[in-house]
Amino acid sequence: MLKEELMTLNYRSTRDPQAATLTASQAILQGLSPDGGLYVPTEAPVLDLPLADLPAMSYQEVAFRVLKAFLTDFTDEELRDCIAAAYNGTFDDAAIAPVSHHGNDYYLELFHGPTIAFKDLALQMLPHLMTVAAKKNHFSKETVILTATSGDTGKAAMAGFEDVAGTKIIVFYPNNGVSPIQERQMITQTGDNTYVVAINGNFDEAQTNVKEIFNDKAFAAQLAENGFQFSSANSINIGRLVPQVAYYFSAYGQLVATGQLQLGDTVNFSVPTGNFGDILAGFYAKQLGLPIHKLICASNDNNVLTDFFNTGVYNRKRPFKTTTSPSMDILVSSNLERLLFHALGDSASQTAEKMHALETAGQYSVSPEILTGLQTDFWAGYATAAADKQAISDVYHQTNFAIDPHTAVAKAAADQYRTAESDNRPMVIVSTASPYKFPNAVLAAIEDTPVTADGLAAVTQLHDLVGVPLPPAIKRLFDAEVRHHQTVPPDDMQHAIREILHII
Ligand SMILES: *Cc1c(COP(=O)(O)O)cnc(C)c1O
């Protein structure tokens, strides 16, 4: 097909069968559909990226091909500008997402961005996609990004949106649900348009309230009168999801380029999963033709997804557990709704029914046929606190490589998979955070003694032990000024927003 003939790819809600379709730029501006659903492509994207070309391509070029397949109402020039703004000079490794080899595993290192965790890959890009999208749609209102974070999203979003013209960003995080380093990263955030509020509650409460605030039509009208419009930087925004598809292709290209994989051979990816955004990007990569055998959905003690992929029942009625991998402490994985929609044959009415059941009864189930279909692409396992700790210790003592507790969950699940399925294909562990982001848990695992140091003292202790150079983003934290101090009960989130925007 000639490039000029490529069709426009439109987006629709996962819930309302009658809902109008949107262009990609409109879906990015909208974030969440007004009916509560998420935006998905109305047909399969067309990717112009022959596998044979991958090994020689830069990360930026891979990202360009992937974005072009999904965001068809952006011009080539607009996409290249967004990619340059996101990935030129903002990462501390020229490969952006380098693959390293330790023991039997490959590690896709997604922690070389400004906040040393994987969300930078998407959140360095999203503000630029939004700015272009706003111009394209003759948008005059100021965009207010509203985000609930379990630790990483909030900081990464603020780092991306800091002082981007025409935007404000308000971040809510659970007071005791993030690591001291994550908290310090957030409360020291600079920029005239960034606001950080702690809540006395957990991540699910923060996320549920943010969703309710988004769906409050009266509030939206009031915002509009005051020149504001909400949007989301959470992984439900397709502008978050699409850039993530690129690193699966890039990883494959790197493995072929270094001779560790033959072109066309299949690989497995083990993905530490919370809101299901990262692994869903892997699913889209597979749909687009990347030779992935299995996507291993790795959970911590909050193992809702493990049960879902093994039994077909999604049941959120269980205690919420606080773990050493807080970015995965989630009972409602929002992006799973997109997979469910596709698994149900792109049926919005069936998806809406299941989501309604989840909201009202706390659970839903899929038929055995649908479950079997899901199991061809996914395998699921989870790591207890003890298994997570053991994985960090084993990898360090066997290969001298320090991994963070999220990466360790994926490593533990990868090992479970290999044992259960006797599959020795190359395994790529998606490595979502630097060990310096969670120094206490890493130290406790490696030294196997209780760690008394906290926050920056623990960073120093870990650095003395493992000797991996401190990322610039961590160095800066040592003398950064605390700029954000507010804590509110979950029920006062809307009030906090009103105060920030001066809407009383
Ligand atoms: C967000 C996050 C995850 C989970 O990714 P999802 O896309 O929400 O599934 C895993 N690890 C780290 C370090 C994260 O920040």
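Owing to the predicted nature of the structure, the values given are computational and were not obtained by experimental measurement. (Residues numbered from 1 in each chain as written. Predicted model: local features only at pLDDT ≥ 70, side-chain atom pairs only at ≥ 80, totals over all residues. Heavy atoms only, no water.)

**Q** Would you mind showing me how to read the packing of aromatic side chains here?
**A** The description of an aromatic ring pair rests on the distance of the ring centres and on the angle between the ring planes. What the rule picks out here adds up to 18 aromatic pairs. Put simply, the rings of Phe70, Phe276, Phe283, Tyr284, Phe308, Phe309, Tyr314, Tyr364 and Phe378 touch in pairs and so form one group of aromatic residues. Here the guanidinium or amino end of Arg80 rests over the ring plane of Phe64, the centre of that ring lying 3.6 Å away. Lys136 extends its terminal NZ or CZ atom over the ring of Phe74, reaching a point 5.5 Å from the ring centre. (Phe/Tyr/Trp six-rings, centres within 6.5 Å; stacked < 30°, edge-to-face > 60°. Lys NZ or Arg CZ within 6 Å of the ring centre and 35° of its normal.)

**Q** Where do I start with the UniProt feature "modified residue: N6-(pyridoxal phosphate)lysine" (unreviewed entry) in the protein chain in this structure?
**A** Feature annotation in UniProt places "modified residue: N6-(pyridoxal phosphate)lysine" (unreviewed entry) on Lys119, given in this structure's numbering. Here Lys119 lies in the loop between strand S4 (105-109) and helix H4 (120-123). What makes Lys119 buried here is its relative accessible area of 12%. With residues up to four places along the chain from it excluded, the contact list for Lys119 reads Asp152, Thr153, Ala156 and Arg240. (UniProt positions renumbered as here; feature names shortened; annotations may be inferred. Helix = DSSP H or I, 4+ residues; strand = E, 2+ residues; numbered from the N terminus. Buried < 20%, exposed > 50% of the residue type's maximum accessible area, 1.4 Å probe, protein only. Contact = heavy atoms within 4.5 Å.)

**Q** How do you make sense of the site of the ligand when you look at a structure like this?
**A** Residues in contact with the ligand amount to 15 residues; listed here are only the nearest, Lys119, Asp152, Gly274, Asn275 and Thr432. Take Gly274: an N or O atom from its main chain is 2.7 Å from an oxygen atom of the ligand. In the environment of the ligand, an oxygen atom lies 2.7 Å from a nitrogen or oxygen atom belonging to the backbone of Asn275. Within the complex, 98% of the 380 Å² of free accessible area of the ligand lies under protein. Across the shell around the ligand, the residue classes tally to five nonpolar, seven polar and three charged. (Near = heavy atom within 4 Å. Polar contact = N/O pair within 3.5 Å; in protein donor to acceptor, adjacent residues only side chain to side chain. Areas by Shrake-Rupley, 256 points an atom, 1.4 Å probe, with all protein chains shown as cover. Nonpolar A, V, L, I, M, F, W, Y, C, P; charged D, E, K, R; others polar.)

**Q** Mind showing me how you'd approach the sheet that holds strand S15 (residues 486-488) here?
**A** Paired through backbone hydrogen bonds, the strands of a sheet run either parallel or antiparallel to each other. Spatial ordering of the open sheet is given by S8-S5-S6-S7-S15, a layout of five strands whose pairing is parallel. Edge positions in the open sheet fall to strand S8 (228-232) and S15, since each of these has one partner strand only. Shown here is a sheet whose adjacent strand axes are inclined to one another by a mean of 30°, direction ignored. Bridging between strand S6 (residues 167-174) and strand S7 (residues 194-199) involves six bridges; their strand directions are parallel. Among the inter-strand pairings, Tyr173 is bridged to a residue of S7, identified as Ala198. Strands in contact with helix H6 (residues 152-161) are strand S5 (142-148), S6 and S7; relative to S6, the strand with the most contacts, it is inclined by about 165°. Relative to the sheet, helix H21 (residues 493-501) contacts S5, S6, S7, S8 and S15, its axis offset from that of S6 by approximately 150°. (Pairing = 2+ DSSP bridges. Axes fitted to C-alpha atoms, helices over the stretch in contact; angles between N-to-C directions.)

**Q** Would you explain helix H2 (residues 59-70) in this entry?
**A** Because each turn of an α-helix spans 3.6 residues, side chains separated by three or four positions in sequence point in the same direction. When the terminal C-alpha atoms of H2 are compared, their 17 Å separation across 12 residues agrees well with the 16 Å that a helix rising 1.5 Å per residue should span. H2 sits mainly inside the fold: 10 of its 12 residues count as buried. Buried within H2 are the following residues: Tyr59, Glu61, Val62, Ala63, Phe64, Arg65, Val66, Leu67, Ala69 and Phe70. (Expected span 1.5 Å × (residues − 1).)

**Q** Just checking my understanding: could you explain unusual backbone geometry for this structure?
**A** A positive phi angle, near 50°, is found at His138, a position not held by glycine. In this structure, His138 sits in the loop between helix H5 (126-136) and S5. The backbone of Ser422 shows a phi angle near 45°, a positive value even though the residue is not glycine. Looking at the secondary structure, you find Ser422 in the loop between helix H17 (405-421) and strand S14 (427-431). Judged by its relative accessible area of 61%, Ser422 falls in the exposed class.

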